[in-house]
Amino acid sequence: MIHDCGVSENWVVLPLTPLKMDLERMKRGGEKFAWDPEEDQWYGVVPRDGNDENGEVIWFRADNGFHGHVAGCYELPSGEIIIDLTVADNNVFYWFPPDPKITPSAPPLDPKVPLRPNKLTSPTMRWIINPHAARSPFVTPQGDTILVADARLTPAVVWPTNGEFSRIDERYITKPYRHFWQAVVDPSRPYDFEKCGPPAGGLFNCLGHFTWSDAHFHSGSSPLGSDPPPVVPNGRSHGAAAPDVPASESASAPPAPPAPPSPYAAYGTSDIYHASPTTTFQEPTFIPSPTSKKEGEGYIIALLNHLDQLRNDVVIFDALNLAQGPITIIHLPMKLKLGLHGNWVEREEIKKWNKGRLLALDAAGAKGNL
């Protein structure tokens with residue numbers, strides 16, 4: 001199953017998740033998809049210009065995993081492709097269990113055992129792909145011949161963000177980027193199961209803002225970024241708490257003992273907001289500031305689920321400081337269904353698009369058919 005994709009200047013990267021469709025299973029009344037825990041994850045690299053005369057479509061394989069959503073995708077001066085996305089360590093779509101006819105070694109689904117999707121981990125993984133890597137023909141079970149890279153992929157970075165629904169400042173699509181946002185699962189935070197029951201849609205009890213360190217940010221022809229990563233008030237830097245202490249107090253305070261080294265210190269900083277033990281978040285969306293062109297300056301908007309009250313709030317944050325909490329809350333008097341995937345579009349952009357659309361239809365003589 002292909003659920004999302006990455007787009008760079010010259011390539012489209014298609015993550016192929018090992019959820020397999022089988023027509024005969026569907027004819028027997030079975031599910032459309034079945035998880036295959038023994039299958040690799042695949043990445044298809046396709047030229048954006050549509051020209052495949054030289055056999056440029058190539059597939060790459062990596063160890064089993066479940067793809068989430070893409071944060072960023074761009075190209076290095078070397079021609080290699082960077083793609084960052086969450087990859088879970090097991091079947092996120094637990095309602096599509098393994099098919100014993102395809103993977104007889106997989107344990108069958110026991111209806112007496114509750115499904116526990118919130119026990120999965122979902123780190124953000126960075127893959128570096130060479131679209132011109134050595135390749136060989138490969139015959140699929142359906143009899144098609146494709147080109148598969150000789151070398152297997154391994155992630156260059158595994159950042160344990162444990163999130164999903166990655167978003168970036170969309171002005172940086174196809175470009176190197178520093179900031180990304182996710183709905184985060186943090187099982188260490190309190191959750192009121194008695195009031196809320198099982199968290200519908202997953203235990204996304206936090207919103208997270210993550211900033212790549214200099215060592216993992218690429219800009220122009222340099223492997224390092226030109227701007228230093230920002231200080232994140234009330235956030236977490238390299239996994240350690242970073243309280244917002246005024247400069248005057250900080251100067252007079254005794255030095256704190258050094259924090260133990262973190263294996264993730266080189267990846268970047270994190271800025272996390274947790275609302276309450278009775279709420280979860282839906283997918284965040286980035287809104288750029290109309291007065292700034294600097295990456296990440298703007299707002300994050302999301303739906304907050306009040307599971308104990310069966311209603312929602314619309315919450316808006318300063319995108320670069322989630323930990324301070326929402327700067328605006330819109331209380332909704334009703335419960336909204338769980339929704340996925342949205343984008344912010346300025347009203348003026350919609351007006352321009354509609355004007356151009358009407359001009360094109362008028363030039364084609366089709367305006368009267370609207």
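This text follows the structure it describes.
Here the structure is a predicted model, which is why all the values come from computation and not from measurement. (Residues numbered from 1 in each chain as written. Predicted model: local features only at pLDDT ≥ 70, side-chain atom pairs only at ≥ 80, totals over all residues. Heavy atoms only, no water.)

Turning next to the sheet that holds strand E8 (residues 81-88). With respect to topology, 4 strands assemble into an open sheet ordered E7-E8-E9-E12, the strand pairing being antiparallel. Edge positions in the open sheet fall to strand E7 (66-75) and strand E12 (157-159), since each of these has one partner strand only. Strand-to-strand twist across the sheet, computed as the mean angle between neighbouring axes with direction ignored, equals 20 degrees. Strand direction decides the pairing type here: E7 and E8, joined by 6 bridges, are antiparallel. Counterpart to Tyr74 in the pairing with E8 is Ile82. (Pairing = 2+ DSSP bridges. Helix = DSSP H or I, 4+ residues; strand = E, 2+ residues; numbered from the N terminus. Axes fitted to C-alpha atoms, helices over the stretch in contact; angles between N-to-C directions.)

A word on the nonpolar core. If you look at the biggest cluster of nonpolar residues, it comprises 19 residues, and the most contacted ones within it are Tyr43, Phe60, Ile83, Trp127 and Ile129. Of all the secondary-structure elements, those providing two or more residues to this core are strand E2 (11-16), strand E5 (41-47), strand E6 (58-62), E7, E8 and strand E9 (124-129). Per element, the largest residue contribution to this core is 4 residues, and it comes from E8. With residues up to four places along the chain from it excluded, the contact list for Tyr43 reads Val13, Leu14, Pro15, Ile58, Trp59, Phe60, His67, Leu85, Val87, Trp127, Ile129 and Leu153. Counting residues in each nonpolar core, the second largest holds 17 residues, with Ala183, Val185, Tyr273 and Leu304 among its members. (Core = buried A, V, L, I, M, F, W, Y, C linked by side-chain atoms within 4.5 Å. Buried < 20%, exposed > 50% of the residue type's maximum accessible area, 1.4 Å probe, protein only. Contact = heavy atoms within 4.5 Å.)

Before going further, it helps to spend a moment on the state of the cysteines. Here the structure, examined in full by the defined rule, presents 0 disulfides. Cys73 takes part in no disulfide bond, and the closest cysteine sulfur, belonging to Cys5, lies 8.5 Å away. Given a relative accessible area of 4%, Cys73 falls into the buried group. (Disulfide = S-S within 2.5 Å.)

Another aspect to go through is the pattern of salt bridges. A complete count under the given rule lists 16 salt bridges for this structure. For the salt bridge of Asp169 with Arg171, the shortest nitrogen-to-oxygen distance reads 2.7 Å. Between Arg189 and Asp186 there is a salt bridge; the shortest N-O distance is 3.0 Å. Classification of Arg189 by relative accessible area gives partly exposed; the value is 22%. The class of Asp186 is buried, set by a relative accessible area of 17%. In this structure, a network of salt bridges that share partners links the residues Lys20, Asp36, Glu39, Asp40, Arg61, Asp63 and Arg152. (Salt bridge = Lys/Arg side-chain N within 4 Å of Asp/Glu carboxyl O.)

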